[in-house]
Amino acid sequence: MENNNTIDSNDANSENEIASYVDISNGSENSSTNFSNGMSIDSMALSEYFEVVKNEYEIERNKKVSFENRAGIFLALVGTLGTFLFDKVQIKGIIHLLSIPLTFGILMKIVSCFLVYLSLAFTMFYLIKTITVKQHHNFEVRNIDEVLLAENRINALARIIFTYRDIICQHRQVNENRAKTFRRSLYGVIVMLVATIIYVSL
């Protein structure tokens, strides 16, 4: 279940940014939509930035789904491949090789066998980590109440933009971590396949 990033949990910097751009000094809940310098909301870029953060949010969420789907597919394939490897690359065969005079070919066969199992475990670990990496924050809709609904539009849009900005930054960092773990799992698959080819060919 995903963690939630609440509106009230925005850091002090976000609140300061809102206060610096929005005239909230009088504390009234009237319909005024002007900055302290007299600019109207139609002449500002709030709506444009709101669209930007919405689009960026969707992009990061789609990345999350993509990584999870790819990791799930690879996990199933590696599991199937592991069943084949357990049949072709058996530990008892290596134990037998350890009991006979060591040659370069036998040494390569022993090393490749251990590499197959180590890389299989390595790959499974990072594929699972790709799926179970830190969860994404989300907009906490339960914090929407009468007080927030009574905010003037500039305050509300600014608050939402800064909240989504922080959420997007967290999503982006988590997705970067997912990309790193998924890349490592691919390296593990490559090592496993190369080691298997070496083992079978000797």
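Preceding this paragraph is the structure being described.
Residues numbered from 1 in each chain as written. Predicted model: local features only at pLDDT ≥ 70, side-chain atom pairs only at ≥ 80, totals over all residues. Heavy atoms only, no water.

Looking only at helices and strands, one finds six helices and zero strands in the protein. If you list the helices and strands of the protein from N to C, you get α-α-α-α-α-α. With 202 residues in all, the protein has 33% of them scored as buried. When contacts within the protein are restricted to residue pairs at least 6 apart in sequence, those whose partners lie at least 24 apart make up 88%. Accessible surface for the protein amounts to roughly 12,100 Å². Of this, 62% is attributable to carbon and sulfur atoms. (Helix = DSSP H or I, 4+ residues; strand = E, 2+ residues; numbered from the N terminus. Buried < 20%, exposed > 50% of the residue type's maximum accessible area, 1.4 Å probe, protein only. Contact = heavy atoms within 4.5 Å. Areas by Shrake-Rupley, 256 points an atom, 1.4 Å probe, with all protein chains shown as cover.)

Turning our eyes to something else, we now look at the pattern of salt bridges. Counting across every chain of the model gives nine salt bridges. We note a salt bridge from Glu 68 to Arg 178, for which the minimum N-O separation is 3.6 Å. In this pair, Glu 68 is assigned in helix 2 (residues 46–88) and Arg 178 in helix 6 (residues 153–201), connecting sequence segments 110 residues apart. According to the relative accessible area criterion, Glu 68 is partly exposed, its value standing at 22%. Between Asp 166 and Arg 165 there is a salt bridge; the shortest N-O distance is 3.2 Å. (Salt bridge = Lys/Arg side-chain N within 4 Å of Asp/Glu carboxyl O.)

For Ile 168, the location among the structural elements is in helix 6. Residues Ile 168 and Arg 61 lie 107 residues apart in sequence; the distance between their C-alpha atoms is 9.0 Å. For Ile 168, the residues in contact, after removing those within four places along its chain, are Val 53, Glu 56, Tyr 57 and Glu 60.

Moving on, we get to helix 2. Taking 1.5 Å per residue as the helical rise, helix 2 with its 43 residues ought to reach 63 Å, and the 62 Å between its terminal C-alpha atoms agrees with that figure. Leu 46, Val 53, Tyr 57, Glu 60, Arg 61, Lys 64, Phe 67, Ala 71, Val 78, Gly 82 and Leu 85 are the residues of helix 2 that are buried. Where the residues of helix 2 are buried, they touch helix 4 (104–132) and helix 6. (Expected span 1.5 Å × (residues − 1).)

Okay, a positive patch on the surface next. Where like charges cluster on the molecular surface, the positive patch consists of Lys 129, Lys 180, Arg 183 and Arg 184. When residues of the positive patch are assigned to their parent elements, the largest contribution, three residues, is made by helix 6. Secondary-structure assignment places Arg 183 in helix 6. Exposure remark for Arg 183: the relative accessible area of 40% places this residue in the partly exposed category. (Patch = residues over 30% accessible without salt bridge, like charges linked within 9 Å, V, L, I, M, F, W, Y side chains within 5 Å. Lys, Arg positive; Asp, Glu negative; His and termini not counted. Charge placed at Lys NZ, Arg CZ, Asp CG, Glu CD.)

Turning next to a nonpolar patch on the surface. Taken together, the side chains of Leu 102, Leu 107, Val 111, Leu 115 and Val 191 define a hydrophobic patch exposed on the protein surface, amounting to about 390 Å² of accessible area. The element best represented in the nonpolar patch is helix 4, accounting for three residues. By the element assignment, Leu 102 lies in the loop between helix 3 (91–98) and helix 4. Assessed through its relative accessible area of 56%, Leu 102 is described here as exposed.

Bringing the nonpolar core into the picture now. Formed by 19 residues in total, the largest nonpolar core has its most connected members in Val 78 and Ile 94. Ignoring anything within four residues of it in the chain, the contact list for Val 78 reads Leu 120, Thr 123, Met 124, Leu 127, Val 189 and Met 192. Among the nonpolar cores identified, the runner-up in size contains 11 residues, and Leu 46, Val 53, Ile 154 and Tyr 164 belong to it. (Core = buried A, V, L, I, M, F, W, Y, C linked by side-chain atoms within 4.5 Å.)

In this model helix 4 runs 41 Å from its N-terminal to its C-terminal C-alpha over 29 residues, within 8% of the 42 Å that 1.5 Å per residue would give. Ile 106, Lys 109, Ile 110, Ser 112, Cys 113, Val 116, Ser 119, Leu 120, Thr 123, Tyr 126, Leu 127 and Thr 130 are the residues of helix 4 that are buried. Check the buried side of helix 4 and you find it contacts helix 2, helix 3 and helix 6.

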